[in-house]
Amino acid sequence: MPVALIIGAYSDIALATAYALAKKGVNLQLAARDINRLQQTSSDLAIRYDITVDLIELDILDSDYFGDFINNLSPLPDIAICTVGMLGEQTADQKNLYEAVKIIRTNFEGPATILGELTNAFCERGSGTIVGISSVAGERGRAANYIYGSAKAGMTTYLSGLRNRCFKHNVHVTTILLGFVDTKMTAGLDLPKILTAKPKSVARVIVRSLERKSDVIYIKRIWAFIMWIVKHLPERIFKLLNF
Amino acid sequence: MKLSGWGRFPMIEASLESPRSEAEIKTKLSTGTIIARGNGRAYGDSAIGRDKTIDMRNFNHMLAFNQHDGILEVEAGVLLSEIIDTFLPRGWFPFVTPGTKFVTIGGMIASDVHGKNHHKEGSMRSCVNWIDLLNPNGEILRLSATQNAELFDWTMGGMGLTGVILRAQIRLKQVSTGWIKQKTIVANNLDEIINQFEINQSATYSVAWIDYLATGKSLGRSLLMLGEHADQAHLPKSLLEDQYCQNRTTRYYMSFVPPFKVLNKTTVNAFNALYFWAGKRTTGTKFIQWNKYFYPLDSFDKWNRLYGRNGFAQFQCVLPLKSSKYGLKRLLEKTGEARQGPFLAVLKRLGPQSGKFSFPMEGYTLAFDFPVTAATLDLMKKLDEITIEYGGRFYLAKDSRMSKKIFEESDSRVVDFRNMRQETATKKHFVSHQSDRLGL
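This structure is a prediction, so every number in the text was calculated from the model and none was measured.

Each value, and the rule that gives it
Residues numbered from 1 in each chain as written. Chains lettered and ligands numbered in written order. Predicted model: local features only at pLDDT ≥ 70, side-chain atom pairs only at ≥ 80, totals over all residues. Heavy atoms only, no water. Domains from an automatic or database assignment. Contact = heavy atoms within 4.5 Å. Buried area = accessible area lost by both parts, 1.4 Å probe. Axes fitted to C-alpha atoms, helices over the stretch in contact; angles between N-to-C directions. Helix = DSSP H or I, 4+ residues; strand = E, 2+ residues; numbered from the N terminus. Parallel < 35°, antiparallel > 145°, perpendicular 65-115°, else oblique. Left-handed = near helix turned anticlockwise from the far one by under 90°. Nonpolar A, V, L, I, M, F, W, Y, C, P; charged D, E, K, R; others polar. Expected span 1.5 Å × (residues − 1). Buried < 20%, exposed > 50% of the residue type's maximum accessible area, 1.4 Å probe, protein only. Patch = residues over 30% accessible without salt bridge, like charges linked within 9 Å, V, L, I, M, F, W, Y side chains within 5 Å. Areas by Shrake-Rupley, 256 points an atom, 1.4 Å probe, with all protein chains shown as cover. Salt bridge = Lys/Arg side-chain N within 4 Å of Asp/Glu carboxyl O. Lys, Arg positive; Asp, Glu negative; His and termini not counted. Charge placed at Lys NZ, Arg CZ, Asp CG, Glu CD. Pairing = 2+ DSSP bridges. Phe/Tyr/Trp six-rings, centres within 6.5 Å; stacked < 30°, edge-to-face > 60°.

Enquirer: Is there a simple way to think about the domain arrangement of chain B in this case?
Expert: Think of interface size as the accessible area that goes away when the parts come together; that is how it is often given. All names here are of chain B. Here the domain parsing of chain B yields domain 1 (2-56 + 418-438), domain 2 (62-174) and domain 3 (179-404). Contacts between domain 1 and domain 2 engage 22 residues on the former and 22 residues on the latter. With both sides pooled, the region where domain 1 packs onto domain 2 buries about 1,800 Å², and carbon together with sulfur makes up 72% of that total. The largest share of the area that domain 1 buries against domain 2 comes from Glu-22, Met-420 and Phe-430, three residues that together contribute 28% of it.

Enquirer: I'm lost on the packing of helix 6 (residues 190-199) of chain B against helix 10 (residues 324-338) of chain B in this one. Help?
Expert: In helix packing, the relevant descriptors are the interaxial angle and the interaxial distance, both defined with respect to the helix axes. Residue and element names in this part refer to chain B. Between helix 6 and helix 10, the shortest axis-to-axis distance is 11 Å and the interhelical angle comes to 135°. Classed by the angle they form, the pair helix 6 and helix 10 counts as oblique. By crossing handedness, the relation of helix 6 to helix 10 is classed as right-handed. Across the interface between the two elements, Leu-190, Asp-191 and Ile-194 of helix 6 pack against Lys-325, Leu-328, Lys-329 and Leu-332 of helix 10. Within the contact of helix 6 with helix 10, the residues separate by chemical class into 4 nonpolar, no polar and 3 charged.

Enquirer: When you look at helix 6 (residues 146-166) of chain A in this model, what are you seeing that I'm missing?
Expert: Within an α-helix, residues lying three or four positions from one another point in the same direction, as the helix has 3.6 residues per turn. Residue and element names in this part refer to chain A. The terminal C-alpha atoms of helix 6 lie 29 Å apart, and with 21 residues this matches the ideal 30 Å at 1.5 Å per residue to within 8%. Regarding helix 6, the residues found buried are Ile-147, Tyr-148, Gly-149, Ala-151, Lys-152, Gly-154, Met-155, Leu-159, Leu-162, Arg-163 and Cys-166. Structurally, helix 6 contributes buried residues whose contacts are with helix 4 (90-93), helix 5 (97-125), strand 5 (128-135), strand 6 (171-178) and strand 9 (216-218).

Enquirer: Explanation requested: unusual backbone geometry in the structure shown.
Expert: When glycine is set aside, most residues are seen to have a negative phi, and most peptide bonds are trans. Here the bond from Ser-74 of chain A into Pro-75 of chain A is cis, since omega is 0°, no more than 30 degrees from zero. Tracing the sequence through the fold places Pro-75 of chain A in the loop between helix 3 (66-71) and strand 4 (79-82). In this structure, Pro-10 of chain B follows Phe-9 of chain B across a cis peptide bond, with omega equal to -5°. Secondary-structure assignment places Pro-10 of chain B in the loop between strand 1 (2-3) and strand 2 (12-13). The phi dihedral of Asp-50 of chain A is positive, around 55°, even though this residue is not glycine.

Enquirer: Any chance you could explain a negative patch on the surface here in plain terms?
Expert: Residue and element names in this part refer to chain A. Together, Glu-57, Asp-59, Asp-62 and Asp-64 make up a region of like negative charge exposed at the surface. Relative to the elements of secondary structure, Asp-59 occurs in the loop between strand 3 (53-57) and helix 3. With a relative accessible area of 32%, Asp-59 lands in the partly exposed category.

Enquirer: How should I be thinking about the sheet that holds strand 4 (residues 34-37) of chain B in this particular structure?
Expert: The strands making up a sheet associate through hydrogen bonds between their backbones, and the pairing can be parallel or antiparallel. Residues and elements named next belong to chain B. Spatially, the 3 strands line up as an open sheet ordered 3-5-4, and their pairing is parallel. Both outer strands of the open sheet, strand 3 (15-17) and strand 4, are each paired with one neighbouring strand and no more. Looking at each pair of strands side by side, their axes are set apart by 30° on average, direction ignored. Of the pairings in the sheet, the one linking strand 3 to strand 5 (residues 52-55) comprises 3 bridges and is parallel in character.

Enquirer: What is the right way to read the packing of aromatic side chains from this model?
Expert: Describing an aromatic ring pair means giving the distance of the ring centres and the angle of the ring planes. Residue and element names in this part refer to chain B. Taken as a whole and judged by the stated rule, the model has 23 aromatic pairs over all chains. Judged by centre distance (6.2 Å) and plane angle (65°), the ring pair of Phe-93 and Trp-290 falls under edge-to-face. In this pair, Phe-93 sits in strand 8 (residues 92-94) while Trp-290 sits in helix 9 (residues 290-294), placing the two residues 197 residues apart along the sequence. A single burial state applies to Phe-93 and to Trp-290, both of which are buried. Seen from their ring centres, Phe-294 and Tyr-295 are 5.9 Å apart, and the 45° between their planes marks the pair as tilted.

Right under this line is the structure:
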């Protein structure tokens, strides 16, 4: 059975994805900063689905450790999914250098570089699938979330480059573009229901994208339409808008 | 938000919180009274808090399983259906199961549920090794027959009033198939059905459907259904292909609340007649799948909506063995006279009492489902009185409307329970609408 590594495993999307993969008999490596919070989940997955689950500590901001992290993976997984993300608070963070840097590093630098390292290992082996989670917020900078958005833009571009590079090495890269998702990260925000996905449906799409080897997927197709319009508004008009 | 139990009566404005960690539950403890809620399958107001209701469904992890002896450790919010889905294909089945599989382990413990095997294998208590309970001080105590034994006794059947049940270790039963060998026996009256229950005490599972429309000489006419786990060696080849019955579940879904009662007097009476007629035609022995034997109603999701907007109430009492026959006769006569058409009328022989506050006692338990109307509420009051007259008592997991006075008269153990609640300070912290109503 294949092995999937999930980075940022305590997130709601990661948990839902772990269950969806476990149901298919995929063995799991769950990486998170605080693995104690995942003990119950790991025993639950292992018991219910009769699979093996490894918990591995990983701080996405500690890139010095990435090399060891990958060398210690046993085995090197067939699939690597990174769900790490941090929304922050735009209005506060734009005046706080430290927080702004943290958001950019957590959403771009950390995920991009670890997936880059994993891709190198996959290319060397000659097989593997990378799934990176990015966001529609990266498609155009808005006053309301441009720190988060620009980091996600970087992530989307990075994944696109990886995909282009690895195609000939039999390593596939999928970009998942999220709109609103009903998770711990967005708890307390008033999200429009029709645009908001549940973690479970995100997980379903991720699993399906693995089966189909999809390239770029919008979660909730309506976002592809919305973002097409947003992207094509002339800047002269766009800058006047308040959203 | 409005909360109710499975009976959709009463509907109560409540504040429901869904903590994700034990630490979060502890912080709720200091902000007012709480009551834990599982999957909301108790019929009445047992799991609706006066101040806060704690939804335990985030605590749904299986923590450890020993595949040699079938010992399973789970968090309180794990559903029985999940346990069956996970372990039946590996040859394990719950030791004790109520009439629905959509209950949480925490709820099963709090109600000390019983199943069709109570006369032989006892209630939930008999398969619980230990419980982890959050007490009013925010400490987690391990309870078992040897450790904190008295609190263990109060917690089994204590309706969540001794603290928040967090985890438990339970024993599963080894089975070699998912099929039940069912034998159906027709009993023409009350004497016959009681006689049949008594002579079939060695059957693992037994339950009877009563045709409550039968009167006079036929009063108590019923179908007794006995069941045994079918052994792999005795299973017909055609059934062996689906050894654990995994491919045979069709589910229906009641997607709305009808503006009128689909289950009204006429339809229910017709159903009852049809059911009895169909049952009579298929007496004898046959193999049926576990889902149909144990959970016939589970295949119809949200069937409770069929009773319409006013909901329904279940009356369930147990009568001591020696007065069962006369008591049951009176209860059936009264129900027949009232012509209020219970949808379900179920009779079951129970074994001896085991816990300090659990419902079962050696004797017969009778259950009726009624749509909630002024007439049925009134009828149930009369049934309450008959129950007390014959020394019986009531099942709190089903209760939604009993008066404090009736409750006190029915159960002398109430005094000790109240004392325990004072002494352990649980009365100040764990309060449901039911405990308020009954003065627990």
